[in-house]
Amino acid sequence: MPHIQLQEGLPGIRGLFAFRLDTARAMSQLAQVLLHDENTLTRAERELIATYVSSLNDCYFCQTAHGALAEAHLGGNAALVEQVKRDPENAPVSGKLRALLVIAGKVQRGGKSVTAEDVEGAKREGATDLEIHDTVLIAAAFCMFNRYVDGLATWAPRDDEEGFRKRAATVASVGYMKLIDDLQAAAAAAGKP
Amino acid sequence: MAHIQVREDLPGIRGLMVFRPETAEPLNQLADLLLRGPNTLSPGERELIATFVSSRNDCFFCQTVHGAVAAYHLDNNEQLVRDVKTDPEHAAVSDKLKALLAVAGKVQCSGKEVTTEDISRARERGATDMEIHDTVLIAAAFCMFNRYVDGLGTWAPTDLDIYRQRAPITARDGYANSIQRILADNGQGD
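Everything numeric here is computed off the predicted structure, so don't read it as measured data. (Residues numbered from 1 in each chain as written. Chains lettered and ligands numbered in written order. Predicted model: local features only at pLDDT ≥ 70, side-chain atom pairs only at ≥ 80, totals over all residues.)

Q: Honestly, the overall build of chain A in this entry has me stumped. Any pointers?
A: Helices and strands together make up the secondary structure of chain A, namely 10 helices and zero strands. Taken over the C-alpha trace, chain A has a radius of gyration of 17 Å; the compact-globule value for 193 residues is 16 Å, and the two agree within 12%. Along the first, second and third principal axes, the C-alpha set of chain A runs to 55 × 30 × 30 Å. Sorting the 193 residues of chain A into buried and exposed places 51% on the buried side. Within chain A, contacts between residues separated by at least 24 positions form 71% of all contacts whose residues are at least 6 apart in sequence. (Helix = DSSP H or I, 4+ residues; strand = E, 2+ residues; numbered from the N terminus. Rg over C-alpha atoms; globule rule 2.2 N^0.38 Å. Buried ≥ 20, exposed ≤ 12 C-beta atoms within 10 Å, placed from the backbone. Contact = placed C-beta atoms within 7 Å.)

Structure representation (structure tokens):
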């Protein structure tokens with residue numbers, strides 16, 4: 001049971017978003033820029049970074065939701081998502097993404113774990129300053145999202161991969177802001193501010 | 001030197017925010033809502049939570065910036081800020097804030113560390129659902145801000161007077177404003 005009283009039927013971060021909409025909008029805008037908007041890293045690559053960090057933080061809801069999104073952007077390649085979570089060093093991804101995943105893994109432990117060598121390694125594989133920046137911020141942001149979701153003990157449906165896939169297909173096409181607009185409309189209809 | 005090329009005159013998160021204004025905007029909105037927006041927790045209490053978590057994450061820039069803003073809100077009581085960082089259970093703060101700091105400390109380790117007992121203790125001392133929510137989110141957000149600042153190897157001034165002088169301006173104008181001003185001077189913002 002969640003630690004605070006949340007609207008029923010909304011799993012994971014969605015119940016928290018409905019609980020406080022103004023902070024939800026800022027967080028969703030961050031996710032939208034980092035994961036969905038135009039970038040030299042593909043959406044699949046960015047969702048893989050988010051999934052990998054959420055998996056290191058052992059956050060079931062986030063790793064399943066973003067794993068399904070990564071899979072959607074990878075044309076249904078669920079096996080690759082699993083490989084990146086389990087063993088990113090040997091997953092069949094580009095040398096650049098492998099180096100960025102190393103940085104993301106360091107950020108998950110603590111910002112100070114990232115070394116100049118890690119960053120040099122990524123640059124050698126062709127990563128730009130902006131790509132390194134976005135990787136660090138995606139990893140850092142999921143250290144927030146994961147703690148938010150688990151720190152308030154939200155629930156998540158288990159063994160419902162189909163449900164996560166369906167939801168991922170929607171977010172993959174419309175992005176992260178639609179949920180907030182929908183929640184806002186529902187709150188207005190219910191007469192809440 | 002930072003791991004990426006940012007403006008060298010801007011320390012900590014400020015250089016990063018000017019580097020990427022698109023993410024700076026929601027990051028600043030979040031900080032302003034959580035730390036400065038209308039709330040039953042005072043700005044001093046919320047800045048103490050931010051400072052405590054940043055100190056646990058050993059982020060010099062964030063703990064010094066927010067420690068200075070906390071002190072500013074608390075009649076310049078820098079000793080209280082130090083006490084909260086080193087031993088929150090024995091600091092001269094309310095029992096409710098002590099219980100919320102304990103929750104924040106758990107979140108800093110991991111979301112899963114927070115127990116039903118931690119929450120009951122906060123609630124028995126008068127914390128509302130919204131206050132518990134905001135405490136968890138402030139702690140989680142600083143686990144992001146701290147990693148962002150240190151993960152990209154930014155620098156921070158060591159002269160504490162710089163932070164003391166800035167704190168009243170931040171308290172008055174907010175977090176978003178300060179970055180928007182730099183972006184406007186850069187010709188990037190509006």
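Still to come is the rest of the account.
Q: Just to check I follow, could you spell out the interface of chain A and chain B for this structure?
A: How big an interface is tends to be stated in terms of the accessible area lost upon association of its parts. Counting residues at the interface gives 39 residues for chain A and 39 residues for chain B. For the side of chain A that touches chain B, the secondary structure elements donating two or more residues are α2 (21-36), α7 (116-124) and α8 (129-151) of chain A. Class assignment of the residues belonging to the side of chain A that touches chain B gives a composition of 22 nonpolar, 10 polar and seven charged. (Nonpolar A, V, L, I, M, F, W, Y, C, P; charged D, E, K, R; others polar.)

Q: How do you make sense of the confidence of the model for chain B when you look at a structure like this?
A: Detailed reading of the predicted coordinates is not advisable wherever pLDDT is low. Averaged over every residue, the pLDDT of chain B is 96; the share at 70 or more is 98%. Under the prediction, the complex receives an ipTM of 0.98, its pTM being 0.98. (pLDDT = per-residue confidence, 0-100.)

Q: When you look at the packing of α2(A) against helix α10 (residues 177-189) of chain A in this model, what are you seeing that I'm missing?
A: All names here are of chain A. Running from amino to carboxyl end, α2 crosses α10 at an angle of 165°, the nearest separation of the two axes being 9 Å. Taken together, the axes of α2 and α10 are roughly antiparallel relative to one another. Crossing of α2 against α10: the hand is left-handed. Within the contact between the two elements, α2 uses Leu 21, Ala 24, Arg 25, Ser 28 and Gln 32 and α10 uses Met 177, Leu 179, Ile 180, Leu 183, Gln 184 and Ala 187. (Axes fitted to C-alpha atoms, helices over the stretch in contact; angles between N-to-C directions. Parallel < 35°, antiparallel > 145°, perpendicular 65-115°, else oblique. Left-handed = near helix turned anticlockwise from the far one by under 90°.)

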